[in-house]
Amino acid sequence: MRQMMVAGNWKMHGSVAFTQEMIALLQSKVAIKENVTLLVCPPSVFLAQAVQAAAGSEVRIGAQNLSDVAAPGAYTGEVAGFMLSDIGCQYVIVGHSERRALYGETNEIVATKTKMAIDAGLTPIVCVGETLTERENGHAESIIAAQLDAVSACIGVDGWRSVVLAYEPVWAIGTGKTATPEQAQAIHAFIRAHLAKLDVTVAASISILYGGSVKPDNAAAIFSQSDVDGGLIGGAALNGDDFARIYAAAAAL
Ligand code: PGA
């Protein structure tokens, strides 16, 4: 069963006070529906606090990154998947385009991290997407196929059953330029068709979020596309009212 999700990626924003206030606001403002997961992904230092603040409510907490190493060891600055599970995190964003572009995460590293997340009992939200140049050169689909294939090679067909995907065109992230609903739908359908070559059931049941400048006024049009299962929200997730309105757009479908 495809589950809808509205996930907020705070990136490197927030504070102790912000975390407390935002989770309290979401708990009071949002009527959470069972078939639409509400997820908040704060920076790692606020995760334990966020899990505690969200306890007893339907607000779910995810991390923005995890180590590509599973076992404890001498890896200064790294946070392993088992540590995220240990504090009550349920999800983790993997392979966000900022991680790929700014921190050198290759398709193979993203694939390894996806496996680490699954092995630690977390649901990875694996991000794929093309840059503007890649799109203009007609390479969007081949780039995304390569990103998906690297993950397939690492987790196998069955691994996909534990994954949420996010299509995030790099040119739409933080730019105010959203993919049109039709552009989003076309790539989401491509992703599903690509996965169907591995397994038809996996392709039909995986949730695929759209991300890139989703706002309260464009969320409904994007989320109502047949292969779009909600959104991964950056900037608008830092405003509780906007994020609540985006969630409401998904819940109304
Ligand atoms: P944005 O970010 O909504 O600010 O464009 C989306 C993301 O990077 O996940």
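Scroll up a little and you will see the structure.
Presented here is an overview of the structure given in this document. (Residues numbered from 1 in each chain as written. Predicted model: local features only at pLDDT ≥ 70, side-chain atom pairs only at ≥ 80, totals over all residues. Heavy atoms only, no water.)

Notes on the sheet that holds strand β8 (residues 230–233)
Working definition: the strands of a sheet are paired by backbone hydrogen bonds and lie parallel or antiparallel to each other. The strand order around the closed barrel built from 8 strands is β1-β2-β3-β4-β5-β6-β7-β8, with neighbouring strands paired in parallel fashion. Each strand axis lies, on average, 30 degrees off the axis of its neighbour in the sheet, ignoring direction. Both strand β4 (residues 91–94) and strand β5 (residues 123–128) contribute to a ladder of 4 bridges, which runs parallel. By the bridge assignment for β5, Tyr 91 is matched with Thr 123. (Pairing = 2+ DSSP bridges. Helix = DSSP H or I, 4+ residues; strand = E, 2+ residues; numbered from the N terminus. Axes fitted to C-alpha atoms, helices over the stretch in contact; angles between N-to-C directions.)

Structural notes on the nonpolar core
Nonpolar side chains in soluble globular proteins tend to end up buried together. Membership of the largest hydrophobic core comes to 69 residues, with the highest contact counts inside it found for Ile 61, Trp 160, Leu 165, Ile 191 and Phe 223. Aside from chain neighbours lying at most four places away, what touches Leu 165 is Val 126, Val 128, Leu 148, Trp 160, Ile 191, Leu 195, Ile 206, Ser 207, Ile 208 and Leu 209. Formed by 12 residues, the second largest nonpolar core is a distinct cluster that contains Leu 39, Cys 41, Val 164 and Ala 166. (Core = buried A, V, L, I, M, F, W, Y, C linked by side-chain atoms within 4.5 Å. Buried < 20%, exposed > 50% of the residue type's maximum accessible area, 1.4 Å probe, protein only. Contact = heavy atoms within 4.5 Å.)

Considering the site of the ligand
Surveying the vicinity of the ligand reveals 13 residues, the closest of which are Lys 11, His 96, Glu 168, Gly 174 and Ser 213. Separating an oxygen atom of the ligand from a backbone N or O atom of Gly 174 is a distance of 2.6 Å. When isolated, the ligand has an accessible area of 280 Å², and the protein chains bury 97% of it. Here the shell around the ligand is composed, by residue class, of 4 nonpolar, 7 polar and 2 charged. (Near = heavy atom within 4 Å. Polar contact = N/O pair within 3.5 Å; in protein donor to acceptor, adjacent residues only side chain to side chain. Areas by Shrake-Rupley, 256 points an atom, 1.4 Å probe, with all protein chains shown as cover. Nonpolar A, V, L, I, M, F, W, Y, C, P; charged D, E, K, R; others polar.)

Points about the pairing of strand β3 (residues 59–63)
The buried count for β3 comes to 4 of 5 residues, which makes it a mostly enclosed element. When strand β2 (residues 36–41) meets β3, the two strands line up parallel, connected through 3 bridges. Within β3, the position partnered with Leu 38 by the bridge is Val 59. As a crossover connection, the stretch from β2 through helix α2 (residues 47–54) into β3 is right-handed. As a crossover connection, the stretch from β3 through helix α3 (residues 81–86) into β4 is right-handed. (Right-handed = clockwise from strand over helix to strand, strands pointing away.)

Concerning the packing of aromatic side chains
Going through the model one piece at a time under the given rule, you end up with 2 aromatic pairs. Ring plane angle 80 degrees and centroid distance 4.8 Å describe the contact between Trp 10 and Phe 18, whose orientation is recorded as edge-to-face. Given a relative accessible area of 22%, Phe 18 falls into the partly exposed group. (Phe/Tyr/Trp six-rings, centres within 6.5 Å; stacked < 30°, edge-to-face > 60°.)

Some details on the state of the cysteines
Throughout the structure, instances matching the rule amount to 0 disulfides. Cys 41 provides the cysteine sulfur closest to Cys 89, a residue in no disulfide bond, and the two sulfurs are 7.7 Å apart. For Cys 89, a relative accessible area of 5% translates into the label buried. Of all cysteine sulfurs, the one in Cys 41 lies closest to Cys 127, which takes part in no disulfide; the gap is 9.4 Å. (Disulfide = S-S within 2.5 Å.)

Topic: the pattern of salt bridges
Should their charged atoms come close, side chains of opposite charge can pair. Per the counting criterion, the structure on display carries 13 salt bridges. For the salt bridge of Glu 130 with Arg 135, the shortest nitrogen-to-oxygen distance reads 2.7 Å. What emerges from the salt-bridge pattern is a single network uniting Arg 2, Arg 192, Asp 227 and Asp 229. (Salt bridge = Lys/Arg side-chain N within 4 Å of Asp/Glu carboxyl O.)

Note that all results are geometric; they support no functional claim without further evidence.
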